[in-house]
Amino acid sequence: MTANQLVAFNMARLRRAAGMSQEEFGAKMGGWSVASVSAAERSVTGKRVKKFDLDEAVRIAGIFGVAFEELLKPVPLCEQCSNQPPKGYTCNVCGESAS
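Here goes a summary of the coordinates provided. (Residues numbered from 1 in each chain as written. Predicted model: local features only at pLDDT ≥ 70, side-chain atom pairs only at ≥ 80, totals over all residues. Heavy atoms only, no water.)

## A few points about the nonpolar core
The cut-off we apply is this: For the purposes of this section, nonpolar cores are sets of buried Ala, Val, Leu, Ile, Met, Phe, Trp, Tyr and Cys residues that join through side-chain atoms within 4.5 Å. A 1.4 Å probe rolled over the protein chains alone gives each residue an accessible area, and that area as a share of the maximum for its type sets the label: buried under 20%, exposed over 50%, partly exposed in between. Each helix is a run of DSSP H or I of at least 4 residues and each strand a run of E of at least 2, with the numbering of both proceeding from the N terminus. By the convention used here, residues are in contact when the closest approach between their heavy atoms is within 4.5 Å.
Counting residues in hydrophobic clusters, the biggest one holds 18 residues, and the most contacted among them are Met11, Phe25, Trp32, Phe52, Ile60, Phe64 and Leu71. Secondary structure elements with two or more residues in this core: helix 1 (3-17), helix 3 (34-42) and helix 4 (54-64). Here this core gets five residues from one element, more than from any other, and that element is helix 1. Apart from residues no more than four positions distant in its own chain, Met11 is found in contact with Phe25, Trp32, Val37, Ala40, Glu41, Phe52, Ile60 and Phe64.

Quick look at the structure:
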């Protein structure tokens, strides 16, 4: 997993933990659309990886009140689905979804 994919994963994890909608997060990021937030979060899969610049990463950390390093934490392996739920399902433990 690349550094950009780790930032995407942890951004989504922190947003969900904060109970923040994609719309709210996009506004705090300075006007990202819901589609932009969604695309950035989906880039964890590696199909189209968002290239975060340093300013964006620092802003994301600031929004959630965490150290920048928090965005680079490794993806924990879900005990329920091993981060790979069946196609068309969302894991009820880790929130990972497969289309």
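Here the narrative resumes, following the displayed structure.
## Topic: helix 3
Because each turn of an α-helix spans 3.6 residues, side chains separated by three or four positions in sequence point in the same direction. So the rule is basically this: Our arc is simply the arc of the directions from the helix axis toward the C-beta atoms.
Residues of helix 3 that are buried include every one of Val37, Ser38, Ala40 and Glu41, and no others. All buried residues of helix 3 fall inside an arc of 160° around its axis, so they share one side. Every exposed residue of helix 3 that faces more than 90 degrees away from the buried side is listed here: Ala35 and Arg42. Contacts made by the buried residues of helix 3 are with helix 1 and helix 2 (22-28).

## Things to note about the pattern of salt bridges
Cut-off, in case you're wondering: Salt bridge, as applied in this entry: a Lys or Arg side-chain nitrogen positioned within 4 Å of an Asp or Glu carboxyl oxygen.
Taken as a whole and judged by the stated rule, the model has four salt bridges. The shortest N-O distance in the salt bridge between Glu56 and Lys50 comes to 3.2 Å. Residue Lys73 pairs with Glu70 through a salt bridge whose shortest N-O separation is 3.6 Å. Three or more residues are tied together by salt bridges with common partners; here these are Arg13, Glu70 and Lys73.

## Some remarks on the packing of aromatic side chains
What characterises a pair of aromatic rings is the spacing of the ring centres plus the angle enclosed by the ring planes. The condition is simple: Only rings of Phe, Tyr and Trp enter the pairing, Trp through its six-membered ring, and a pair is recorded when the two centres are within 6.5 Å. The plane angle decides the type: under 30 degrees is stacked, over 60 is edge-to-face, the rest tilted. Two limits define a charge over a ring: the Lys NZ or Arg CZ must be within 6 Å of the ring centre, and within 35 degrees of the ring normal.
As enumerated under the stated definition, the model contains two aromatic pairs in all. Between Phe25 and Trp32, the aromatic rings sit 6.2 Å apart at their centres with planes inclined by 85°, giving edge-to-face as the arrangement. On the basis of relative accessible area, Trp32 is assigned to the buried category, the value being 17%. With a centroid separation of 5.6 Å and an interplanar angle of 10°, the aromatic rings of Phe25 and Phe64 are classed as stacked. Placement of Phe25 in helix 2 and of Phe64 in helix 4 is noted, with a sequence separation of 39 residues between them. Sitting over the face of the ring of Phe52, Lys50 holds its NZ or CZ atom 5.4 Å from the ring centroid.

## Points about helix 1
Worth spelling out the cut-off: Residue count minus one, scaled by 1.5 Å, sets the expected span of a helix.
With 15 residues, helix 1 should cover 21 Å at 1.5 Å per step; its first-to-last C-alpha distance of 21 Å lies within 8% of that length. Burial of helix 1 is extensive: eleven of the 15 residues sit out of reach of the surface. Of the residues making up helix 1, those classed as buried are Asn4, Gln5, Leu6, Val7, Ala8, Phe9, Asn10, Met11, Ala12, Leu14 and Arg15. Along its buried surface, helix 1 packs onto helix 2, helix 3 and helix 4.

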